[in-house]
Amino acid sequence: MSGPQRGPGIAGLSANLAVAGAGLSGAVIAREMAEAGHRVTVFEGRDHVAGNCHTKRDAETGILLHVYGPHIFHTDDEGVWNYVNRFQTFRPYLHRVKITSGGQVYSLPVNLHTINQFFGAAMGPDAARSFIAAEADAHIESPETFEEQALRFVGRRLYEAFFKGYTEKQWGCAPSSLPAAILKRLPLRFNYDDRYFSHRFQAMPETGYTDMVARMLDHDVINLRLNTPFRREWLPDFDHVFYSGPIDAFYGFDEGRLGYRTLDFERFIHPGDYQGCAVMNYADRSIPHTRITEHKHFAPWEEHGASICYRETSRACGENDIPYYPIRLVQEKQQLSRYVARAAAEKGVSFVGRLGTYRYLDMDVTIREALDCAALFQHCRKHDLPVPAFAIAPL
């Protein structure tokens, strides 16, 4: 089913465009270009659309599965919220995460309940603030690493209980080797709010992300080609290309492969309710997996007897693995800077999305940047200006 259409584009500006990748970035750009009156061919190497937020119904249980791991939609960007609601009905969903540490279950992010439970106390907000301030290492004035940020943030006991082991498993290195910015995204709450996100809009697409993306791509002037990775030698065939694949792959990895972490999934079926929540993290280093996800809980408006769960284990991404999390340490940033310099000299191609810019992006940010990239292309084309390789600088 096609979403609402906006009518013809600006007279005289019709172009023959290609989009490499049918994930969120590619689908949004393709739709925007089609509604502006351009012809668009979308190339997708997989046999489905929606990239890593691909969802499908399990044939045996009817549960809607997040095939490449959970994707939770949350945003404060009302424009993005209105945009996705053009193509899908979103149902309210508040993401709550639990964590097992030392044989006990706690709530994440660390909140007043977590603090009281862990320390066997019944503190109020002010008392808890003072307590954590005393726990924190005040000698660390300007944290540079993940470990320093955690010690300055919550102190050694909470760090070792909830962050140290999980981080070592997730990233495959010591927290002292990771930048502090990774931990700065995690809040510390001195109330009993256990929502994982605090954004204004939090929801799940009723029939899945793949259905939403398919509706975005359902347009008369969009030609979708599945099982067809875009090839660089096709660049001259199009007036412009929006490339959402890995930037290092575009150049044949000749500056080296950028580092990613990938995930292994161990699926199992449980006859009832396995863990009572969508996500259970495992903080202890002795447990190899980082979390277990129970997918029927991502659609609480549905009822299912059986349950499908996945144990997730993180490891280094090999040549034939699916890249999930960009590492972006010193070596990777040096490699990236060389790729970015080459990309900036290109004509007729824009690099977009998580892989094209080698950045971790939430879904709402991905969509916002795709909308902005499409608008920038239109502006440049209208005023006969060169289209930059990046709408958002990767470095």
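One structure accompanies this document, and this report is about it. Model, not experiment: these values are computed from the prediction. (Residues numbered from 1 in each chain as written. Predicted model: local features only at pLDDT ≥ 70, side-chain atom pairs only at ≥ 80, totals over all residues. Heavy atoms only, no water.)

### Quick notes on the overall build of the chain
Part 1 of the argument: The helix and strand tally for the chain stands at 12 helices and 17 strands.
Part 2 of the argument: Here the C-alpha atoms of the chain give a radius of gyration of 22 Å, agreeing with the 21 Å that 2.2 N^0.38 yields for 395 residues.
Part 3 of the argument: Taking the principal axes of the C-alpha coordinates as reference, the chain spans close to 70 × 50 × 40 Å.
Part 4 of the argument: Looking at the 395 residues of the chain, the share that counts as buried comes to 54%.
Part 5 of the argument: Summarising the internal contacts of the chain: among those between residues at least 6 apart in sequence, 73% fall at separations of at least 24. (Helix = DSSP H or I, 4+ residues; strand = E, 2+ residues; numbered from the N terminus. Rg over C-alpha atoms; globule rule 2.2 N^0.38 Å. Buried < 20%, exposed > 50% of the residue type's maximum accessible area, 1.4 Å probe, protein only. Contact = heavy atoms within 4.5 Å.)

### Let's talk about the pattern of salt bridges
Here the idea is simple: oppositely charged side chains can pair when their charged atoms come close.
Part 1 of the argument: As enumerated under the stated definition, the model contains 28 salt bridges in all.
Part 2 of the argument: The closest approach of N and O atoms between Asp58 and Arg267, which form a salt bridge, is 2.9 Å. Of this pair, Asp58 sits in the loop between strand E3 (55-57) and strand E4 (64-66) while Arg267 sits in strand E12 (residues 260-270), and the two are 209 residues apart along the sequence.
Part 3 of the argument: Taking relative accessible area as the criterion, Arg267 reaches 37% and is therefore assigned partly exposed.
Part 4 of the argument: One network of salt bridges, with partners in common, ties together Asp254, Glu255, Arg338 and Arg342. (Salt bridge = Lys/Arg side-chain N within 4 Å of Asp/Glu carboxyl O.)

### Quick look at the nonpolar core
Part 1 of the argument: With 78 residues, the main nonpolar core has Phe73, Met212, Leu217 and Ile367 as its most contacted residues.
Part 2 of the argument: Listed in part, the 25 residues of the second largest apolar core include Ala18, Trp234, Leu258 and Ala343. (Core = buried A, V, L, I, M, F, W, Y, C linked by side-chain atoms within 4.5 Å.)

### Quick look at the packing of aromatic side chains
Part 1 of the argument: Following the criterion strictly, the structure yields 31 aromatic pairs and no others.
Part 2 of the argument: Connected via pairs of aromatic rings, a cluster forms that spans Trp171, Phe265, Tyr310, Tyr324, Tyr325 and Tyr360.
Part 3 of the argument: Cation over ring: Arg46 sits above Tyr68, and NZ or CZ is 4.6 Å from the ring centre.
Part 4 of the argument: Taking NZ or CZ as reference, Arg257 lies 3.7 Å from the ring centre of Phe253, over its face. (Phe/Tyr/Trp six-rings, centres within 6.5 Å; stacked < 30°, edge-to-face > 60°. Lys NZ or Arg CZ within 6 Å of the ring centre and 35° of its normal.)

### Examining unusual backbone geometry
Part 1 of the argument: Each neighbour pair has its own omega, and for Leu108 with Pro109 the value is -10°, a cis peptide bond.
Part 2 of the argument: Residue placement: Pro109 occurs in the loop between strand E8 (104-108) and helix H3 (112-119).
Part 3 of the argument: For Ala50, which is not a glycine, the phi torsion comes out positive at approximately 90°.
Part 4 of the argument: Relative to the elements of secondary structure, Ala50 occurs in the loop between strand E2 (39-43) and E3.
Part 5 of the argument: For Ala50, a relative accessible area of 1% gives the class buried.
Part 6 of the argument: Phi is positive for Tyr358, close to 55°, though the residue is something other than glycine.
Part 7 of the argument: Within the element layout of this structure, Tyr358 appears in the loop between helix H11 (353-357) and helix H12 (363-382).

### Points about helix H4 (residues 125-135)
Part 1 of the argument: Here H4 has its buried residues at Ala128, Ile132 and Glu135. On an axial view of H4, the arc spanned by its buried residues comes to 50°, and they lie on one face. Exposed positions of H4 whose direction lies more than 90 degrees from the buried face are Asp126, Ala133 and Ala134.
Part 2 of the argument: Next to the buried residues of H4 lie H3, helix H5 (146-153) and helix H6 (156-171). (Arc of directions from axis to C-beta.)

### Some details on the side chain of Thr366
Part 1 of the argument: Residue position: Thr366 is located in helix H12.
Part 2 of the argument: Non-local contacts of Thr366, meaning those with residues more than four positions away in its chain, are made with Leu24, Ser25 and Leu361.

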